[in-house]
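# Topology and contacts: notes
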Amino acid sequence: MSTALLDHEKLIKAMEVSGLTQEEFAEEVGITDRHVRNLRERDTDISVSLLYKMSQVFQIPMEELLTLQEEVSE
């Protein structure tokens, strides 16, 4: 089974392309600067509403910010 996660590398690239600082981006999507730092550190679960806000700020499809992770069966 696969899980969709926010791809931290794609987020970093989108922020660079947008020219927004971490603080400006945090304000645009309604989260704290610390939350942005956490999102930039690793691939992570993200709410659909936050993913939507990010896609609107960057003017890209939501799917472009995601990566699929395969779950390992034990």
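Below is a summary of the structure that appears in this document. (Residues numbered from 1 in each chain as written. Predicted model: local features only at pLDDT ≥ 70, side-chain atom pairs only at ≥ 80, totals over all residues. Heavy atoms only, no water.)

Before going further, it helps to examine the overall build of the protein. The secondary structure content of the protein amounts to 4 helices and 2 strands. Mapped from its N terminus to its C terminus, the protein presents α and β elements in the order β-α-α-α-α-β. Across its three principal axes, the protein shows a C-alpha extent of roughly 40 × 25 × 20 Å. Residues counted as buried form 30% of the 74 residues belonging to the protein. Within the protein, residue pairs in contact and separated by at least 24 positions form 67% of the contacts whose partners lie at least 6 positions apart. Accessible area of the protein: about 5,200 Å², with a carbon and sulfur share of 48%. (Helix = DSSP H or I, 4+ residues; strand = E, 2+ residues; numbered from the N terminus. Buried < 20%, exposed > 50% of the residue type's maximum accessible area, 1.4 Å probe, protein only. Contact = heavy atoms within 4.5 Å. Areas by Shrake-Rupley, 256 points an atom, 1.4 Å probe, with all protein chains shown as cover.)

Our focus in this paragraph is the pattern of salt bridges. For the coordinates displayed, the defined rule picks out 1 salt bridge. Notably, a salt bridge pairs Asp-33 with Arg-37, separated by 2.8 Å at the nearest N-O pair. Pair noted here: Asp-33 and Arg-37 are both in helix α3 (residues 33-41), with a separation of 4 residues, about one helical turn. With relative accessibility at 23%, the residue Asp-33 sits in the partly exposed group. (Salt bridge = Lys/Arg side-chain N within 4 Å of Asp/Glu carboxyl O.)

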